[in-house]
Amino acid sequence: MTAPDELSKDSIEDVLAAAEALLHDPVASPRFAVPCVRQAWALTLKDPPELSAALREHEALSEAQRGRFADTWKLLEDGESVTRGELLEQVRVLRRTSAPTNRRMLYGAWALMAVALLGILILRMVSGSVGITQGSSVGPWRVEVFAIKEFRGPSAVFRAADADFKWKGPPHETMPKDKFATRLTTCLELDAPTKIDFVMVANDGARLFVDGKKALNAWNVSGKARTVTRQLAAGTHHIVIEHHDKRGTASINLTASLNGGLPGPLAPALLRYSDDPERC
Ligand SMILES: [Ca+2]
């Protein structure tokens, strides 16, 4: 069963805000913003199988925009680069055109949430002991949640397919809704040397460790994307994200580009679950 908070994790405003933060960061290459812009289009166009083809027929665009945007995504799919200006134009258009779709999605999310809650109620009536679960029992990421940001005291552990969460309430039924901390760990298995660009966005703060070394530190920076490039040897690499929330909503998202390819979530096929958060 899908947990209610998972239904609302892909708010288009958050995705566009992350894209803008990256595109306005003079240090970050525009390609770091590509996964956010792609996700925004996927939300707007209901996850089309081929984005360039869908853009060529998108009615909310002018004819010139259709051709230009479709060409941009074709280039990206072929591993070519794009300019900051091209992506910023798409973000501006997405901001202008996504509102009605977003309202429809919100309505859909509420409807799904109502169905999910009804399902939970029925299960509780049948079994008398079923609680709301977060995450799942499968997935290569180990997620451990603590009630305080020092990562001490009682914790809750679950698994996830991806390092991509947004919480409006508690991250787990045993945890508070504010001032909690999460540690996400996984093992990245590479069969060849690989250059990886990591992009991390978090609310309220997070840091990324690769093989025990701090690679990104945004512990006191909320909502701003941070990027880093690592050349990794073939073999197993321990990936750790530490995240904390102060109050309000909380989120963590990690994407990566491998050898200059199209950025996206780390593919589950490259990841292995380890029950030990300290090592692979
Ligand atoms: Ca927060």
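The written sequence of each chain sets the order in which its residues are numbered from 1. With pLDDT at 70 or above as the cut-off, local features in this predicted model cover only qualifying residues; side-chain atom pairs require 80 or more to be listed or tallied, and sums for whole chains, interfaces and linings still use all residues.

Participant: Would you mind going over the packing of helix 2 (residues 12-23) against helix 3 (residues 34-44) with me for this structure?
Facilitator: The geometry of a pair of packed helices is captured by two quantities: the angle between their axes and the separation between those axes. For the pair helix 2 and helix 3, the least separation of the axes is 8 Å and the interaxial angle reads 155 degrees. Between helix 2 and helix 3, the angle falls in the class roughly antiparallel. Remark: the crossing between helix 2 and helix 3 carries left-handed chirality. Counted together, Ile12, Val15, Leu16, Ala18, Ala19 and Leu22 of helix 2 and Cys36, Val37, Gln39, Ala40, Leu43 and Thr44 of helix 3 form the full contact between these two elements. When residue character is reported, Ala, Val, Leu, Ile, Met, Phe, Trp, Tyr, Cys and Pro are called nonpolar, Asp, Glu, Lys and Arg charged, and the others, Gly included, polar. Among the residues making up the contact of helix 2 with helix 3, the classes are represented as ten nonpolar, two polar and no charged. Only the stretch in contact is used when fitting a helix axis, every axis being a line fitted to C-alpha atoms; angles between N-to-C directions are given from 0 to 180 degrees. Secondary structure is summarised from DSSP: a helix means a run of H or I of at least four residues, a strand means a run of E of at least two, and numbering begins at the N terminus for each. Oblique is the label for any angle not covered by the other classes, which are roughly parallel (under 35 degrees), roughly antiparallel (over 145) and roughly perpendicular (65 to 115). Here a crossing is taken to be left-handed if its near helix is turned anticlockwise relative to the far helix by less than a right angle, and right-handed if that turn runs clockwise. Distance between backbone-placed C-beta atoms decides contact: two residues are in contact if it is within 7 Å.

Participant: Help me understand the environment of aspartate 204, please; the structure alone is not making it clear to me.
Facilitator: Tracing the sequence through the fold places aspartate 204 in the loop between strand 5 (194-203) and strand 6 (205-210). To assign burial, the other C-beta atoms lying within 10 Å of each residue's own C-beta are counted, with C-beta atoms placed from the backbone; 20 or more indicates buried, 12 or fewer indicates exposed, and intermediate counts indicate partly exposed. Taking the number of C-beta atoms within 10 Å as the measure of exposure, aspartate 204 has 22 and is therefore buried. Sequence-wise, aspartate 204 and isoleucine 252 are 48 residues apart; in three dimensions their C-alpha atoms are separated by 8.6 Å.

Participant: In this structure, what is going on with the confidence of the model for the protein chain? I would like to understand it.
Facilitator: Low pLDDT marks regions whose predicted coordinates should not be analysed in detail. For every residue, the predictor states its confidence as a pLDDT score lying anywhere from 0 to 100. With 82% of its residues at a pLDDT of 70 or more, the protein chain has an overall mean of 83. pLDDT under 50 marks residues 1-9. Its contacts with residues more than four places away, or in other chains, come to 23 contacts. Counting interchain partners and residues more than four positions distant, the pLDDT-below-50 stretch residues 100-134 has 26 contacts.

Participant: Help me understand the pairing of strand 6, please; the structure alone is not making it clear to me.
Facilitator: Along a regular strand, successive side chains alternate from one face of the sheet to the other. Pairing between strand 6 and strand 9 (residues 235-244): six bridges, direction antiparallel. In the strand pairing of strand 9, phenylalanine 209 is matched with valine 240. Two strands are counted as paired when DSSP detects at least two bridges linking them. In this structure, strand 6 lies alongside strand 7 (residues 213-218), joined through five bridges in antiparallel fashion. The partner of phenylalanine 209 across the bridge, within strand 7, is lysine 214. Between the antiparallel neighbours strand 6 and strand 7 lie two residues, among them aspartate 211 with a positive phi of about 55 degrees.

Participant: Any chance you could explain the packing of helix 2 against helix 6 (residues 84-97) here in plain terms?
Facilitator: One way to put it is that helix 2 packs onto helix 6 with a least axis distance of 10 Å and a crossing angle of 155 degrees. The orientation of helix 2 with respect to helix 6, classified from their angle, is roughly antiparallel. In the packing of helix 2 onto helix 6, the handedness of the crossing is left-handed. Taken together, the residues of helix 6 that come into contact with helix 2 (itself represented by Leu16, Ala19, Glu20 and Leu23) are Arg84, Leu87, Leu88, Val91, Leu94 and Arg95. Of the residues contributing to the contact of helix 2 with helix 6, the split by class is seven nonpolar, no polar and three charged.

Participant: Got a minute to help me understand helix 2 in this structure?
Facilitator: Residue pairs spaced three or four apart in an α-helix point in one direction, given the helix's 3.6 residues per turn. A helix is expected to span 1.5 Å multiplied by its residue count minus one. Along its twelve residues, helix 2 runs 16 Å from first to last C-alpha, staying within 8% of the 16 Å computed at 1.5 Å per residue. Buried within helix 2 are the following residues: Ile12, Asp14, Val15, Leu16, Ala18, Ala19, Leu22 and Leu23.

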